[in-house]
Amino acid sequence: MRVLVIGSGGREHCLAWKIAQSPRLKKLYCTPGNPGIASVADCVDITSDDIGSLCNFALKEKVDFTVVGPEVPLVAGLVDRFQANGLRAFGPTKKAALLEGSKAFSKTLMRKYGIPSAEFRIFSEITPAKRHIECINGSLVVKVDGLAGGKGSFVCKSPEEALKAVDLIMREKVFGPAGERVIIEEYLEGEEVSIMALTNGKSIIPLEPVQDHKALYEGDKGPNTGGMGAYTPVPKFTQELSIKVEKEILVPTVHAMKREGRPFKGVLYVGLMLTAAGPRVLEYNVRFGDPETQPLLMRLQGDFLSLLLATVEGRLEKVEYGWDPRAALCVVIASAGYPGNYEKGKEIKGLEALSGAEDLMVFHAGTALRQKKVVTTGGRILGVTALGKDLPEAQKKAYSAAEKISFDGAYYRKDIGWRAIARLGARG
Ligand code: AMP
Ligand code: GLY
């Protein structure tokens, strides 16, 4: 089978690495890919938003199956275009991808179908949005309606902060048209967990829970990022919670999308807040999480390519797979300045010594090759991901590997997994 992976981040390196292990694979391409992905796939320089060129490439190379990493091409209708050309692709159509493409859409859907989430209001003008903030006079979350690369949600502890966020989005228009509407929602207290589920629009297979650390600094403080590290399993996410989430959130969401004439196929990512009153949806994504996918797929046992194919072919019931009982933990090494401005082109040292290490993968996220040297080219640079017999061991292994990597301005959080590890410590 000839497979194409679209994207160039840590998620795509991980997807390509896992697909490359499939006995069904004949040829693997990745567009545009990165130097890490180049060790398992042929990288071809087509950007993820150039849907026309991607489609022509897939036709020319007789690609049997395409796996889309990032949200932008999904929301722009890549899957529809591929399907119209007789090509199979993993991911939702444009209509279904609106679940991530518009928070106004997803919040309204949740309200309509009784899916538990934060209370909210939608505004398309500044003055009423500000008036609402002044009335609430407490903690709030201000969100950009459209895609914002994980940077469009502002958790505001005071009305002043919320007013500033509204100005940034609607007056300064830093998110462009994505910020034409804002969602102002209730602040929820609790611990977060990411649930990804494979679905063909009817059956649903929830994958193992993962906890991401979105905040930039230790202790989950500071500005939100795309994710600074993640681990699985999540001891806090009990079997009881898992059943509840499937019944009250996953099944109703898939059902709601079908009822709305937007049947969802692909991977449904639900970002949850585990509040004292029960799990609440913070956001939906219509693709694999990044970095969540990195520790998740380290634990997946079985043929991942077959699992993805079974999803699009509607044979989910028949597919065999399992989970490594060990824990996996990923530490993201980022450039200084991320998620704001950062410098590029810094040489990365220490990668070779780690290649081939057992139960360890250094997934490339923002790297490029310049004069045969691997250099930084993004905000999040690498995902150092380790398996261990338990979370403390996986954490130790990931950090001892991360310490061996260096580049000018490298930054990573030192406490990935802290909540679960503190809980284990309290118990034992
Ligand atoms: P979102 O873009 O909706 O995924 O939000 C990004 C991050 O902001 C989440 O992962 C949470 O850390 C935080 N967040 C979003 N909505 C809320 C909320 N209603 N209450 C508290 N934190 C939130
Ligand atoms: N790590 C969060 C996301 O993939 O959206």
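Look up: the structure comes first, before these words.
One structure accompanies this document, and this report is about it. (Residues numbered from 1 in each chain as written. Chains lettered and ligands numbered in written order. Predicted model: local features only at pLDDT ≥ 70, side-chain atom pairs only at ≥ 80, totals over all residues. Heavy atoms only, no water.)

**Here we look at the pairing of strand S4 (residues 65–68)**
Side chains of S4 alternate between two faces, with Phe65 and Val67 and Thr66 and Val68 buried alike. Where strand S1 (residues 2–7) meets S4, four bridges bridge the pair, whose relative direction is parallel. When the sheet's bridge partners are listed, isoleucine 6 is paired in S4 with valine 68. Of the strand pairs in this sheet, S4 and strand S5 (residues 89–90) are connected by two bridges, and their pairing is parallel. Opposite threonine 66, over in S5, you have alanine 89 as the bridge partner. (Buried < 20%, exposed > 50% of the residue type's maximum accessible area, 1.4 Å probe, protein only. Helix = DSSP H or I, 4+ residues; strand = E, 2+ residues; numbered from the N terminus. Pairing = 2+ DSSP bridges.)

**Digging into the site of ligand 1**
In the neighbourhood of ligand 1, 16 residues make up the surrounding shell, with Lys143, Ser153, Glu185, Glu192 and Glu283 lying closest. Interatomic distance of 2.7 Å between a side-chain N/O atom of serine 153 and an oxygen atom of ligand 1. In this structure, glutamate 186 approaches ligand 1 through a main-chain N or O atom, which is 2.9 Å from a nitrogen atom. The fraction of the free accessible surface of ligand 1 (470 Å²) that becomes covered by protein chains is 93%. Those elements giving two or more residues to the shell around ligand 1 turn out to be strand S7 (140–144), strand S8 (153–156), strand S9 (182–186) and strand S17 (278–285). Residues of the shell around ligand 1, tallied by class, amount to seven nonpolar, two polar and seven charged. (Near = heavy atom within 4 Å. Polar contact = N/O pair within 3.5 Å; in protein donor to acceptor, adjacent residues only side chain to side chain. Areas by Shrake-Rupley, 256 points an atom, 1.4 Å probe, with all protein chains shown as cover. Nonpolar A, V, L, I, M, F, W, Y, C, P; charged D, E, K, R; others polar.)

**A short note on the nonpolar core**
By size, the foremost hydrophobic cluster in this structure holds 73 residues, and its most contacted members are Phe82, Leu99, Phe237, Leu272 and Ile405. No other element matches the seven residues that helix H9 (residues 239–259) contributes to this core. Filtering out sequence-adjacent residues up to four positions away, phenylalanine 82 remains in contact with Ile6, Ile51, Leu54, Cys55, Ala58, Thr66, Leu87 and Ala89. Grouped together as the second largest cluster of nonpolar side chains are 42 residues, Trp17, Val210, Val267 and Ala328 included. (Core = buried A, V, L, I, M, F, W, Y, C linked by side-chain atoms within 4.5 Å. Contact = heavy atoms within 4.5 Å.)

**Brief notes about unusual backbone geometry**
Here threonine 31 and proline 32 are connected by a cis peptide whose omega angle stands at -15°. Residue placement: proline 32 occurs in strand S2 (residues 27–32). Put simply, threonine 232 and proline 233 share a cis peptide bond, and its omega is 0°. Here proline 233 is to be found in the loop between strand S15 (229–232) and H9. With a phi angle near 55°, aspartate 220 is a residue other than glycine that sits in the positive phi range. Structurally, the position occupied by aspartate 220 is in the loop between strand S13 (215–217) and strand S14 (221–224). If you check the backbone angles, aspartate 359 has positive phi at about 55° while not being a glycine. In this structure, aspartate 359 sits in the loop between helix H12 (351–354) and strand S21 (360–364). The class for aspartate 359 is partly exposed, based on a relative accessible area of 22%.

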